[in-house]
Amino acid sequence: MNYPVLAERGYKGSKEYLHFRWHLFHASLRAILESFRLAMQKPEIVKCADGHFRRAVHGLGPYIADYPEQSLLSCTIQGWCPRGTADQNDLDGSQCNRRSHVHITTLMRGYSMQELRMGWGIVDQVLPFTAYFSRADIHELLAPDILHQIIKGTFKDHLVKWIDEYLIITYGEAHAEFIWADVDRRIAAVPSFPGLPIAGHVPDRMVQAISAFLDFCYIVRHSSLDEGDLSALDAALSRFHKERNIFIKTGVTPNGISLPRQHSLCHYRYLIQQFGAPNGLCSSLTDKEPWRRSSGYLALGQMLKFAAGLPDKPLLPSDVIAVDPDSTFDDNPDEENCQDDGDLEDAIADDQDAEIIIQLAKTPALHYPTRLQSIGQHIGVPHLRDLVHQFLHDQQNPDHLIPGHEMDVSLCPDFNGKVHVFHSATASFYAPSDICGVNGMLCYVIRSAPTWRNGPACHDCVFIEHDPTLPGFQGLYVARVILFFSFCFRGVDYSCALVRWFETIGDQPCPNTGMWMVEPEFDVNGQHLISVVHLDTILRLAHLIPVYGNHFVDHDIKHTDSLSAFLAFYINKFSDYHAF
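Residues numbered from 1 in each chain as written. Predicted model: local features only at pLDDT ≥ 70, side-chain atom pairs only at ≥ 80, totals over all residues. Heavy atoms only, no water.

K.L.:
Quick rundown of the overall build of the chain? Include the residues and the values.
P.N.:
Assigned secondary structure in the chain consists of 19 helices and 17 strands. In the chain, of all internal contacts separated by at least 6 residues, the share reaching a separation of at least 24 is 63%. Carbon and sulfur atoms make up 53% of the accessible area of the chain, which amounts to about 30,700 Å² in all. (Helix = DSSP H or I, 4+ residues; strand = E, 2+ residues; numbered from the N terminus. Contact = heavy atoms within 4.5 Å. Areas by Shrake-Rupley, 256 points an atom, 1.4 Å probe, with all protein chains shown as cover.)

K.L.:
Let's hear about the nonpolar core: which residues, and what values?
P.N.:
In this structure, Ile150, Phe216, Phe247 and Leu544 are the most contacted members of the largest nonpolar core, which totals 59 residues. Listed in part, the 23 residues of the second largest apolar core include Leu392, Ile482, Phe489 and Tyr494. (Core = buried A, V, L, I, M, F, W, Y, C linked by side-chain atoms within 4.5 Å. Buried < 20%, exposed > 50% of the residue type's maximum accessible area, 1.4 Å probe, protein only.)

K.L.:
Describe in detail helix α7 (residues 146-171), supporting the description with residues and values.
P.N.:
At Gly153, α7 is bent by approximately 45°, the largest bend along its length. One or two residues past the end of α7 sits Gly172, with phi positive at roughly 90°. (Bend = angle between axes of the 7 residues up to and from the residue.)

K.L.:
Account for the pattern of salt bridges, naming residues and giving values.
P.N.:
What the rule picks out here adds up to 15 salt bridges. Arg205 serves as the salt-bridge partner of Glu243, at 2.9 Å between the closest nitrogen and oxygen. Taken as a pair, Glu243 in helix α10 (residues 227-243) and Arg205 in helix α9 (residues 204-220) lie far apart in primary sequence, 38 residues in all. Under the relative-accessibility criterion, Arg205 is labelled partly exposed at 24%. By sharing partners, the salt bridges in this structure join Arg83, Arg98, Asp137 and Glu140 into a single network. (Salt bridge = Lys/Arg side-chain N within 4 Å of Asp/Glu carboxyl O.)

Rendered as structure tokens:
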């Protein structure tokens with residue numbers, strides 16, 4: 001809508017021309033919406049979702065826009081809050097009463113153009129288009145924009161830039177570049193997801209500020225929010241405002257912090273109460289389409305082609321079936337090796353109350369022995385058979401006083417039957433914020449393969465249920481999957497995982513990052529603690545970030561080495577908003 005209006009070169013930057021553009025923009029929106037005026041004034045009989053007919057009066061709904069467009073829509077000068085009257089020089093510290101059409105009209109009658117601009121941030125003689133429609137006020141209708149206000153605005157444009165400026169002020173430009181190179185290596189050494197790789201290079205309070213901000217981001221991203229969540233949202237914002245003062249003290253922002261995009265965070269609680277949880281709704285929806293149209297693997301080239309408008313049809317044709325790349329070593333798997341959503345639909349239909357569904361890949365991996373003893377030798381765990389016997393003891397005697405790992409193997413059930421090995425399992429759970437998936441289910445593939453994408457081995461980490469009555473991570477274990485396998489014993493099919501355990505460091509999360517910490521767990525002989533667990537005890541993927549400390553990362557370390565190369569790890573609650 002905001003198309004530039006042509007003007008002679010000498011008038012393009014004049015106040016008269018800019019004022020004309022404001023008038024034209026709002027007059028155009030008013031004319032476009034004029035045809036809806038009658039429906040906003042006179043009730044219409046409509047059929048509602050419950051099948052009943054009711055009289056309804058229509059109105060204008062929430063408007064999602066980036067800050068410059070919010071300023072244009074609300075007729076406020078950039079640098080001021082488009083929703084409230086907070087002081088431009090202290091947006092977060094001053095009182096922010098709500099703007100309204102009545103308030104603006106009253107001010108226009110009593111103040112000059114210069115006073116309106118300097119004292120209130122108001123564009124004189126221009127009323128927002130909503131002033132001409134019933135029950136519509138743009139100052140109330142401006143909705144949160146997660147992309148431009150939080151992700152790009154506060155995080156990328158502010159926090160990342162501030163940290164860069166801090167490093168330059170503290171270490172000089174050359175050494176700052178060296179530190180950023182180490183940050184890049186830290187990110188490259190992290191399996192899959194971003195975390196807080198800057199820790200150790202900047203003051204703890206900067207890390208705490210970022211952690212508080214990320215807490216705010218991930219709470220807002222939830223599909224539903226209750227009063228407890230809103231209280232946590234306020235607490236995270238309060239911590240962020242407190243800890244971000246480190247940027248003032250270190251000279252990064254010596255004149256203070258008064259930024260409209262950061263100030264917009266103060267309005268989120270009220271806007272959520274007015275309009276509901278954002279649930280991921282923001283102006284980034286159109287940005288996701290290229291990714292959704294790609295195959296998900298080496299997607300950048302496919303996304304660029306889509307963005308350039310080259311393809312006339314989806315990048316994955318309708319007759320292409322998604323294949324589990326880890327279910328077989330065969331370079332040309334047949335259709336029997338393909339996964340589809342049919343089994344998932346059946347699983348959901350069979351258990352509508354299930355929160356998490358874990359399934360092994362449809363087809364066993366090839367080139368593996370079929371007996372436990374031989375499989376153990378093949379993967380370097382020669383006592384695998386004993387571990388399975390101890391697992392069967394727990395399965396057969398769940399109330400036994402002696403747990404399986406303490407039981408004499410000779411007294412455990414004996415099994416020497418056929419075993420099937422798998423390279424992946426699928427964790428499916430209800431994710432109302434994700435529009436893709438069968439019946440609102442989101443699926444994550446958990447891999448345990450000797451090679452993946454023709455590269456090194458891939459052994460993912462998982463959360464395993466410990467005590468469901470405890471909140472959050474306190475009721476969970478963390479382990480790394482060494483092998484997925486299944487077998488039948490006394491008429492019962494068992495789907496299992498051989499896992500290597502981690503133990504929690506301390507009884508509280510790290511005070512700087514807000515993330516729990518774990519380290520590898522060892523037995524009495526100093527060997528990694530390994531055991532067999534039932535597939536049903538696995539909840540979903542866990543993401544571990546190495547604790548780098550103050551040391552620089554070696555150039556040769558890759559993300560496939562990190563789980564073996566470091567001694568301690570953060571449990572990354574920021575891997576995605578489901579894990580938060």
